Amino acid sequence: MTIVRRHHAVTAINAMESSPTLARLAALTQDSSNRLKAVLPLIPPMLRVSLQAGPIEGDSWCVIVKNNAAAAKVRQLLPAMAAHLRTKGWDVSTIRIKVQTQ
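Every residue gets a number counted from 1 within its own chain, in the order that chain's sequence is written. Thresholds applied to this predicted model are a pLDDT of at least 70 for local features of residues and 80 or more for the giving and counting of side-chain atom pairs; totals over whole chains, interfaces and linings are not thresholded and use all residues. No hydrogens and no water enter the side-chain calculation; it runs on all heavy atoms of the structure.

A few words now on helix H2 (residues 20–39). We count a stretch as a helix when DSSP gives it H or I for four or more residues in a row; a strand needs E for two or more, and each element gets its number in order from the N terminus. Helix span, expected: 1.5 Å multiplied by one less than the number of residues in the helix. If you check H2, its first and last C-alpha atoms are 29 Å apart, about what 20 residues at 1.5 Å a residue would give, namely 28 Å. Contacts from the buried residues of H2 go to strand S1 (51–57), strand S2 (60–65) and helix H3 (68–87). The contact criterion used is simple: two residues touch if any of their non-hydrogen atoms lie within 4.5 Å.

Quick look at the pattern of salt bridges now. By definition, a salt bridge exists where a carboxyl oxygen of Asp or Glu is found within 4 Å of a side-chain nitrogen of Lys or Arg. A full pass over the atoms with the stated rule returns two salt bridges. For the salt bridge of Asp31 with Arg35, the shortest nitrogen-to-oxygen distance reads 3.2 Å. Of this pair, Asp31 and Arg35 both sit in helix H2, four residues apart, which is roughly one turn of the helix. Summarising the burial analysis for this pair, Asp31 and Arg35 share the class buried. Relative accessible area decides the class of each residue, using a 1.4 Å probe on protein chains only: under 20% of the type maximum gives buried, over 50% gives exposed, and in between gives partly exposed.

It is worth spelling out the side chain of Ser32 at this point. Here Ser32 is to be found in helix H2. Ser32 sits in the buried class, given a relative accessible area of 3%.

Attention now moves to H3. With 20 residues, H3 extends 28 Å from end C-alpha to end C-alpha; this agrees with the ideal 28 Å at 1.5 Å per step. The largest bend along H3 measures about 50° and falls at Leu77, with the proline Pro79 one to four residues further on. Its buried side turned inward, H3 meets H2, S1, S2 and strand S3 (94–99). Contacts described as polar in this section are N or O atom pairs within 3.5 Å, which, within protein, must combine one atom able to donate a hydrogen with one able to accept it, while residues neighboring in sequence count only if both atoms come from side chains. A side-chain oxygen of the first residue of H3 lies 3.2 Å from the backbone nitrogen of Ala69; this N-cap is Asn67. Just downstream of H3, Gly89 is the residue with a positive phi angle, here 105°. Two axes are fitted around each residue, one to the seven residues ending there and one to the seven starting there, and the angle between them is reported as the bend at that residue.

Moving on, we get to the nonpolar core. In this structure, Trp61, Met81 and Ile95 are the most contacted members of the largest nonpolar core, which totals 20 residues. Taken together, the elements giving at least two residues each to this core come down to H2, S1, S2 and H3. The element contributing the most residues to this core is H3, with eight residues. Not counting the four nearest positions on each side in its chain, Trp61 is found in contact with Ser32, Arg35, Leu36, Val39, Gly54, Pro55, Ile56, Met81, Leu85, Thr94, Ile95 and Arg96. Residues grouped as a nonpolar core are buried Ala, Val, Leu, Ile, Met, Phe, Trp, Tyr and Cys residues, joined through side-chain atoms within 4.5 Å.

Right, here's the structure in full:
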């Protein structure tokens, strides 16, 4: 007896809709991207390309930066960034910086 299995391709959207875990991950990713977009006006234009949205853990958000020089400058802007996000309705008490290693 031979069993024939047919594998059907599943789109990422279908997978997210059928999995609460993936749906939560997608929502967190979108939220993190929205936070970065909200604070970009506070970042000097030349520094913006060095930033990426990072993970959210409770009321803590992480910003990923490309190098230590960018991290030093962004570190100075963290209080203003956190205050700006709070005025926009996000519950952010801490913004962490992670330097991207390659």
